[in-house]
Amino acid sequence: MIEYNRQKYRVRDENYSTECQKILSEIESLYARDSIFGYRNSGNLITGLKVIIERNNEDYNKYYVSNLKRFEILKERISWDFVEPYSDFEKDVKLIMKEAESCLEAINYSENKKSSELIEKAEELLNKYIKETKLIDSVLRRQINSRISKLKTIFSDGSLFSLKLSDKIFRELELLIETNLKKHEGSYRKLVQKIDILHRAFEKSAEFFSPKEKKEIQEQFAEIEKIMNSQSYEKFEDARDLLDVIDVKLSDIAVHKEKIISGNLKKKLKSLRTRIWLEDWDDVNDAVKSLLEQANRTGTLYNLNLDKFNTDQMEVQKKKDIFDFKMIVKAKNYSNASVLLQKADSMISGEFYKSDFEELKRSVVKGRILGSKSKSTDKDVPGKKKSSVKLIFYSLMFVAILVLFIYNNRARTEHDQNTALKYLDVIETMVYSQKRQNRPVEKEEIMTRINFPTGDMEILSISESEIVISYGGREYRKKVRSAN
Amino acid sequence: MLLKPFSVNSGQTYKEFLLQNYFCRIPDKGLKKINLKGINKIGSANNEGFHEFAEADILQRSVEDYDLNTVLVASEEKPALTDLMKARFVNMQQNGKLSFSNTGSAFSIELLDIIFLDELKSGELIKSLEIIKDSMIFAEKGNIFESFAKCLESYEKYLENPSDHKLFSDTKEELESGLETYEANPFAHFLLGLIYHRPTSFFDPEKSVEAFLKSKKFSEEIEDHYLKALSDFMISWLFYLKRDFDAAVDYLQKSADEEFLGIPETYYNLSKFYAAKNDADKAVAYLDEAVARFDFFYALKADLDDDFKEIKSELQTYFEKLRKEEREKVSAMLSELGVSVKAHEMESKAENSIPVPESTDD
């Protein structure tokens, strides 16, 4: 005789059962014959049985077990006595539940399968009922409806004694309804709102989380949803705890986010210094400082950007100003045009105030550059001071005079060139030295250490990247070595 | 196919046994067991003064002709067993050449020549054959090798038509002539051993042993372990026929040592010879080896074999142990599926087990 372990052998459907029984009776005969040959030859039988049972188990779980579970949960949630006169909900759901139960009782997976749609309908009815009545907690719902049913029974009975009983039931009912309303309007609604807020906050900040953290939070939200579907005020407290955990994570990420956004903003701002006039930059900088303070205070990061400052327009304006100036200089053919143009070019990607530019424009009238009277406060903006290294100066002067006497005009030009190059080297060396010491370029200090021939040689600009001087009516440039 | 093996305890002479049992190979059609008419024709052609067999003289050897131990096979299962054996027999031939390893428990001594000639065309022995050929050519005996190759062909032809005694005789003559000129060809000696083993007028087990001993010796020289093991196998068989069981076991053990898994019949024969010696423990141990390593049908073969008569009860115990193991395996698989067959039915079945039927050939 065959014995079944129902934990493993879950053949419920009559069709599958018939198929299995055919094989099992062959196996029974095999055991009855009890021969080695029979046992060794039983492989195909057992494989056949295994295949059928596997197919059965799949359908068993899919069409019977899962639907039964849903049905049981639903039944539990509406487990009060339905007493006539039925409410609309009771009338509708009673019918559907009866049909669903009948489908599940059948020992046929096709019939069991039909219960799924019915259970879904019943669940929809219940959800609608909950929405209308705000009876989200199944325990309270059951308690309230049980009392209502009791009252219906009492009133249909109509005896004086039972009517007297109804008093107590009414009071209980009142209390329960009050409790439910308080919980629903109080903690439940706040909870639902908080879930919504945090969900949206998470979606916005999702990119700032690592994949692992993101998955964790998503799982926590899924858990919360599961809890909220439990229809139990008691269990909702667990959801609250989970929400607090998520809240903390989102707060941490908001701080991190803020650091990233403000960092990016500062970087962009810094890069603007060479692209717009420094007056404009100062204005933008002050405005950004206020934005950062505000963000720090309020936590809102959405306006931490340069969008409203029209910095593109400022960039374009600066270039246009310089371009227009260059056009005029070229057109008018000034004697110091090359110097002017070079200076103008250096302003395109240099840190300059517009006032420096205005001064340049004014120097056109005088025919020479008077020297920068820049208001720039940045340590990189060049200044002018004279300093002398007496030994170098006298040596250079001697060489200059000597060459003047020895060579003709061409030699003199060559001499001028050499001189200028030497000065350039010296200045470059000084600038390089400062760079190596991680000191900002101190033009004034450099200027004090060099004694130029007055009226002839002039430093047009000194920056970390380039030195420009003019001598003998020509301009000389030299790039400064990198300190790395 | 499963045939009752020859036993020195069966009461039949060996030559008579061989005369009653022929297989021949039909080209492109495979093996065919010769019927009574053919047996008599072959017997007459190959033996002067041959007395033809009557139907009643023929010893039935097929498993279908016997009641098997019900621990091994229930009577209702015999048709299924027969079908399975037929399928295996067809399969055996369809897979190309026969060999000792692919024949398994279906091997019977009358198939020996056919199997050997097929083995000569296999990878194992081809190499050695090439070595011999090269040696003979080197020794300016290339013509002798060619003669030997012709003998192989002739012998193969003979096996297709075993009543062609002239062909058989000429082959023997040529083979012996070749061996006189060049002695060191182990294959030639093996073939000669087979010739002396055949139930013809040349049947001579002693000469057969000598030939196989020489085959063994020259196999050792060319380090062909497989041919050496085959030679030991045949020598052991011939000693068994002389009832020298100790020598038979000795040679067979050497064969097993040389060729561990290549000749399954070695393990069965070891079991058989120990059973003939009444050494039940070793007989059962080697039978278990053959069953476990190669083929369950060796258990059926032992059930048919008269040599196991003297250790019937030990054999029965072994079969019951085997059955219990098989039953437990099946029960375990069923248990995984949530099904079990009630135990007490099995225990009562064990208590009332059907006694082993007596052999019908006494």
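Computed from a predicted model, the values in this text were never measured in an experiment.

## Things to note about the overall build of chain B
Then, in step 1: Each helix and strand in chain B was counted, giving 17 helices and three strands.
Then, in step 2: Over its C-alpha atoms chain B spans a radius of gyration of 22 Å, differing by no more than 12% from the 21 Å that the globule rule assigns to 362 residues.
Then, in step 3: Structurally, chain B occupies a C-alpha span of about 75 × 45 × 40 Å along its principal axes.
Then, in step 4: The burial tally for chain B puts 55% of its 362 residues in the buried class.
Then, in step 5: Here the contacts in chain B between residues at least 6 apart in sequence split such that 66% fall between residues at least 24 apart.

## Some details on the packing of helix 13 (residues 265-276) of chain B against helix 14 (residues 280-293) of chain B
Residue and element names in this part refer to chain B.
Then, in step 1: For the pair helix 13 and helix 14, the least separation of the axes is 8 Å and the interaxial angle reads 165 degrees. When the axes of helix 13 and helix 14 are compared, the pair comes out roughly antiparallel. In this structure, the crossing between helix 13 and helix 14 has a hand that is left-handed. Residues Tyr267, Tyr268, Leu270, Ser271, Tyr274 and Ala275 of helix 13 lie in contact with helix 14, whose contacting residues are Lys282, Ala283, Tyr286, Leu287, Glu289 and Ala290.
Then, in step 2: Partitioning the contact of helix 13 with helix 14 into residue classes produces nine nonpolar, one polar and two charged.

## A short note on unusual backbone geometry
Residue and element names in this part refer to chain A.
Then, in step 1: Here the residue pair glutamate 84 and proline 85 is connected by a cis peptide bond, since its omega of 0 degrees sits within 30 degrees of zero.
Then, in step 2: Unusually for a residue other than glycine, aspartate 34 sits at a positive phi of about 55 degrees.
Then, in step 3: Structurally, aspartate 34 can be placed in the loop between helix 1 (14-33) and helix 2 (36-40).
Then, in step 4: Taking relative accessible area as the criterion, aspartate 34 reaches 0% and is therefore assigned buried.

## With respect to the interface of chain A and chain B
Then, in step 1: Counting residues at the interface gives 25 residues for chain A and 32 residues for chain B.
Then, in step 2: Taken together, the two surfaces of chain A and chain B that pack against each other cover about 2,700 Å², and 66% of this comes from carbon and sulfur.
Then, in step 3: Broken down residue by residue, the surface that chain A buries against chain B is led by Tyr31(A), Ile36(A) and Phe37(A), which jointly contribute 30%.
Then, in step 4: Counting across the chain A and chain B interface gives four salt bridges.
Then, in step 5: Measuring nitrogen to oxygen at the nearest pair gives 3.3 Å for the salt bridge that ties Asp34(A) to Arg323(B).
Then, in step 6: At the boundary of chain A with chain B, the tally comes to eleven residue pairs in polar contact (both at pLDDT 80 or more).
Then, in step 7: Elements represented by at least two residues in the side of chain A that touches chain B include exactly strand 1 (2-4), helix 1, helix 2 and helix 3 (43-77) of chain A.
Then, in step 8: By residue class, the composition of the side of chain A that touches chain B is 14 nonpolar, five polar and six charged.
Then, in step 9: Pairing geometry for strand 1 of chain A and strand 3 (residues 339-341) of chain B, over three bridges, is antiparallel. Of the residues in strand 3 of chain B, the one forming a bridge with Ile2(A) is Val341(B).

## What to know about the pattern of salt bridges
All names here are of chain A.
Then, in step 1: For the structure shown, the criterion picks out 49 salt bridges over all chains.
Then, in step 2: Residues aspartate 345 and lysine 326 are paired through a salt bridge, measuring 2.4 Å at the closest nitrogen-oxygen approach. Pair noted here: aspartate 345 is in helix 12 (residues 337-348) and lysine 326 is in helix 11 (residues 311-332), with a separation of 19 residues, a long-range link.
Then, in step 3: You can call aspartate 345 partly exposed: its relative accessible area is 35%.
Then, in step 4: Residue lysine 326 is classed as buried on the basis of its relative accessible area of 16%.
Then, in step 5: What you see here is one network of salt bridges that share partners, running through Glu466, Glu475, Arg477 and Lys479.

## Concerning the packing of aromatic side chains
Residues and elements named next belong to chain B.
Then, in step 1: Counted according to the given criterion, the structure contains 43 aromatic pairs over all chains.
Then, in step 2: Judged by centre distance (5.4 Å) and plane angle (5 degrees), the rings of phenylalanine 239 and tyrosine 251 are stacked. In this pair, phenylalanine 239 sits in helix 11 (residues 225-241) while tyrosine 251 sits in helix 12 (residues 245-258), placing the two residues twelve residues apart along the sequence. The same class applies to phenylalanine 239 and to tyrosine 251, which are both buried.

## Quick word on the sheet that holds strand 4 (residues 474-479) of chain A
All names here are of chain A.
Then, in step 1: On the basis of which strands lie adjacent, the open sheet formed by three strands has the order 2-3-4 and antiparallel pairing. The strands lining the two open edges of the sheet, one partner per strand, are strand 2 (457-462) and strand 4. Within this sheet the neighbouring strands show an average axis-to-axis angle of 20 degrees, counted without direction.
Then, in step 2: Here six bridges tie strand 3 (residues 466-471) to strand 4, and the two strands are oriented antiparallel to one another. When the sheet's bridge partners are listed, glutamate 466 is paired in strand 4 with lysine 479.
Then, in step 3: Where helix 12 meets the sheet, its contacts fall on strand 2, strand 3 and strand 4, and the angle it forms with strand 4 comes to roughly 30 degrees.

## Some thoughts on the confidence of the model for chain B
The predicted structure's coordinates, where accompanied by low pLDDT, should not be read in detail.
Residues and elements named next belong to chain B.
Then, in step 1: Residue-level pLDDT values for chain B average 87, and 92% of them are 70 or greater.
Then, in step 2: Here helix 17 (residues 343-351) stands out as the least confident element of chain B, with mean pLDDT 48; helix 16 (residues 312-336) is the most confident, with 95.
Then, in step 3: In this model, residues 344-362 is a region of pLDDT below 50 whose contacts with residues beyond four sequence positions or in other chains number 26 contacts.

Rules of the game
Residues numbered from 1 in each chain as written. Chains lettered and ligands numbered in written order. Predicted model: local features only at pLDDT ≥ 70, side-chain atom pairs only at ≥ 80, totals over all residues. Heavy atoms only, no water. Helix = DSSP H or I, 4+ residues; strand = E, 2+ residues; numbered from the N terminus. Rg over C-alpha atoms; globule rule 2.2 N^0.38 Å. Buried < 20%, exposed > 50% of the residue type's maximum accessible area, 1.4 Å probe, protein only. Contact = heavy atoms within 4.5 Å. Axes fitted to C-alpha atoms, helices over the stretch in contact; angles between N-to-C directions. Parallel < 35°, antiparallel > 145°, perpendicular 65-115°, else oblique. Left-handed = near helix turned anticlockwise from the far one by under 90°. Nonpolar A, V, L, I, M, F, W, Y, C, P; charged D, E, K, R; others polar. Buried area = accessible area lost by both parts, 1.4 Å probe. Salt bridge = Lys/Arg side-chain N within 4 Å of Asp/Glu carboxyl O. Polar contact = N/O pair within 3.5 Å; in protein donor to acceptor, adjacent residues only side chain to side chain. Pairing = 2+ DSSP bridges. Phe/Tyr/Trp six-rings, centres within 6.5 Å; stacked < 30°, edge-to-face > 60°. pLDDT = per-residue confidence, 0-100.

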